[in-house]
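Okay, here's what each chain looks like letter by letter:
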Amino acid sequence: MESLAQRAALLRESLQKSQQATDAVVSILGSFDSRLSALDSAMRPIQVRTHAVRTAHENIDRTLRSADVILTQFDRTREAEREIQKGPHENLQGFLDAVDRLRSIERFFSSNRSYRSSDGVLNHVNALLSKALVKMEGEFQNQLSQRSKPMEPDRLFDCLPSTLRPSSESQPEGGKHPSTGSQSENQQNSEAAVYSPPALIEPKFVPLLSKLAQQLVQAGCQQQCSEIYSEARASALESSLKNLGVEKLSKEEVQKMPWEILESKIGNWIHFMRIAVKLLFAGERQLCDQVFECSQSLRDKCFAAITKNSLATLLSFGEAIAMSKRSPEKLFVLLDMYEIMCELQTEIDTIFVGESCSQMRDSALSLTKCLAQTAQKTFSDFEEAVEKDATKNIHTDGTVHPLTSYVINYVKFLFDYQSTLKQLFQEFKKEDGTGSELAAVTMKIMQALQNNLDAKAKQYKDPALMHIFLMNNIHYIVKSVRRSEAKDLLGDDWIQRHRRIVQQNANQYRRIAWSKVLQCLSGQGLTSSGGSGQVGSEGGNSSGASRAAVKERFRSFNVLFEEIYQKQCSWSVPDTELRESLRLAVAEILLPAYRSFIKRFGPLIENSKAPGKYVKHTPEQLELLLGNLFEGKQERA
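Residues numbered from 1 in each chain as written. Predicted model: local features only at pLDDT ≥ 70, side-chain atom pairs only at ≥ 80, totals over all residues. Heavy atoms only, no water.

If you look the chain up in an unreviewed UniProt entry, it shows as Exocyst subunit Exo70 family protein from Urochloa decumbens. The Function (unreviewed entry) comment attached to the chain in UniProt states, word for word, "Component of the exocyst complex." The annotation that UniProt attaches to the chain under Sequence similarities (unreviewed entry) is "Belongs to the EXO70 family." (UniProt positions renumbered as here; feature names shortened; annotations may be inferred.)

What follows is about the environment of Lys135. Position of Lys135 among the secondary structure elements: in helix H3 (residues 118–147). Classification of Lys135 by relative accessible area gives partly exposed; the value is 25%. Taking the C-alpha atoms as reference points, Lys135 and Ile84, separated by 51 residues in sequence, lie 8.5 Å from one another. When residues no more than four places from it in sequence are discounted, the contact partners of Lys135 are Ile84, Gln85, Gly87, Pro88 and Phe95. (Helix = DSSP H or I, 4+ residues; strand = E, 2+ residues; numbered from the N terminus. Buried < 20%, exposed > 50% of the residue type's maximum accessible area, 1.4 Å probe, protein only. Contact = heavy atoms within 4.5 Å.)

Overall, the coordinates contain 20 aromatic pairs when judged by the stated rule. Ring centres 5.0 Å apart and planes at 55° place the aromatic pair Phe303 and Phe352 in the tilted group. Placement of Phe303 in helix H10 (residues 296–323) and of Phe352 in the loop between helix H11 (331–351) and helix H12 (358–388) is noted, with a sequence separation of 49 residues between them. On the basis of relative accessibility, which here comes to 0%, the residue Phe352 falls in the buried class. The ring of Phe205 has Arg147 sitting right over it, with the charged end atom 3.5 Å from the ring centre. Between Arg285 and the ring centre of Phe303, over which it is positioned, the NZ or CZ distance is 4.5 Å. (Phe/Tyr/Trp six-rings, centres within 6.5 Å; stacked < 30°, edge-to-face > 60°. Lys NZ or Arg CZ within 6 Å of the ring centre and 35° of its normal.)

By volume, the largest pocket amounts to about 440 Å³. Broken down by secondary-structure element, the contributors of at least two residues to the lining of the largest pocket are helix H16 (463–482), helix H18 (492–520) and helix H20 (576–601). Top element by residues in the lining of the largest pocket is H18. It accounts for six residues. Along the lines of polarity and charge, the residues of the lining of the largest pocket split into seven nonpolar, four polar and seven charged. (1 Å grid on protein atoms, 1.4 Å probe; cavity = no way out; pocket = protein on both sides within 12 Å on 5 of 7 lines; lining within 4 Å. Points joined across faces, edges and corners; volume = space filled by probe spheres on them. Nonpolar A, V, L, I, M, F, W, Y, C, P; charged D, E, K, R; others polar.)

An ideal rise of 1.5 Å per residue puts 33 Å on 23 residues; helix H7 (residues 222–244) measures up with 32 Å between its terminal C-alpha atoms. Just downstream of H7, Gly245 is the residue with a positive phi angle, here 125°. (Expected span 1.5 Å × (residues − 1).)

Before going further, it helps to spend a moment on a negative patch on the surface. Together, Glu485, Asp488, Asp492 and Asp493 make up a region of like negative charge exposed at the surface. Residue class for Asp493 comes out exposed when judged on its relative accessible area of 64%. (Patch = residues over 30% accessible without salt bridge, like charges linked within 9 Å, V, L, I, M, F, W, Y side chains within 5 Å. Areas by Shrake-Rupley, 256 points an atom, 1.4 Å probe, with all protein chains shown as cover. Salt bridge = Lys/Arg side-chain N within 4 Å of Asp/Glu carboxyl O. Lys, Arg positive; Asp, Glu negative; His and termini not counted. Charge placed at Lys NZ, Arg CZ, Asp CG, Glu CD.)

With that settled, the discussion passes to the side chain of Thr404. Relative to the helices and strands, Thr404 resides in helix H13 (residues 402–415). Of the residues examined, Thr404 reaches a relative accessible area of 0% and is grouped as buried. In this structure the side chain of Thr404 is engaged in a polar contact, spanning 2.6 Å, whose partner is the side chain of Asn473. Excluding anything up to four places from it in sequence, Thr404 contacts Leu449, Leu453, Asn473, Tyr476 and Ile477. (Polar contact = N/O pair within 3.5 Å; in protein donor to acceptor, adjacent residues only side chain to side chain.)

Following this line, the structure appears as structure tokens:
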């Protein structure tokens, strides 16, 4: 218990001491708070002044930074001004960079109008930009003037595929015509050919021109830029075509030209159209796209302005041909012109793209259709002209008439244009592509020719020569068809039918020409029932024949044969095979009859005075004489 009491006394003493310490601490803290409060009151003015100083420093730094930016803009302005004053001649790229800097400065001050110096700087910068704009226009014009040179023909020819390059000794080939040779292979070659449009301006200068154009467009000078560019390039293009040989001819001048001159010019025109579209116009389109990369509408507008007159000059010539008086010899050049326009139409649609070029595309398409219509009408005219040909100068020898050879050559050339004609017929008649229209037209032409030949044959007074004439001409037609592509189109039935016509005329010739001669070699009318002058049994089959009648029959034969021989040696069968066949046919009917007549009645006059006066030719000699027939020259029997 005592121990517990002692512990309780110590605990009370410890608690009393802790309370005293706590009270002391509380008292100390109260005193410290009072002092802090007093110190805070004393420090507050100092804090306010420190904040103001800090804010002032920040404002000063911000002002200095702004001043530095403005000073930098002033420095850039002075640098740009020096380049603008020097102009673009010495350093075009530096000049353009200076213009870009001025535009950047102008944007800076326009967006910071609060600066006191903004208005003054903007006025100065805009004045420099106006001065730069004038100099840029001048430089754009100067650069285009220096770089836009006409293309020399040789350089253009080098850009053509080798198969289409004219030789140094010849002019570009003209159109195809029966009288001038076979069809040119230009169209077939050009379809697979690769063309390389020339660089109309050296490539290293094109980016600078593009930058100048972009600056002018950005400054709102599209109109001036377009006019400067179009004038320079149009002049170069027109000079290039003039150097090539393109002439500005009125439609009246074209239509008054002699055909020989016009045909040559048409051949050149086809060559010029190919070069103009595939090389020059394509090159101009490419250059426009590069220079005016910044504006699609400006590209199309400038290209249309550059090429308008040149294309119109070329199309005007074609229109004059299409509208000129139709004649058969013009069909092939019309087809040539139609071919080239069809060949170029897709490229024209691609190159002359955009609303600005719509009229030019329409003009090209209109010429293509006009050529097609004229060619079709000329085709119809030809058929009518063949049937109504009234040529009076038939040959006296019955040879092939010039009309026949002309028409056949004409038809042969038509088959060189099968694909073109098929396209032409489809243009108007929605053909199925089988070639039936061409076959029908060809048959009509052949029938028209045959009708005309029948009419011409009637001009011959000698019926035998009339049949020689028909035989020669129909044979020429058949043989020509068999050796050409017309054979497949007209068919075997047509050929066999006309071969029979040839044979029928040959048979008619033999019957008409030699019937009287063969009558002289007949025994009919030579025998009688007795009297002087008769020959006995030694005369064999001539028993009962009158010597005088036999002599008269030989005399008549000799006269008739010599007359026929003289005429028919001057007649002509130009085909060797047909001539030999006809000679053989005559020999087959004449020689057996002659041999039989001599064998039967020759003994009657062998012992008479001057028997050679009556039997002038042995069968062998007669056969040799027949070998001279149809040579187209005079002979004596």
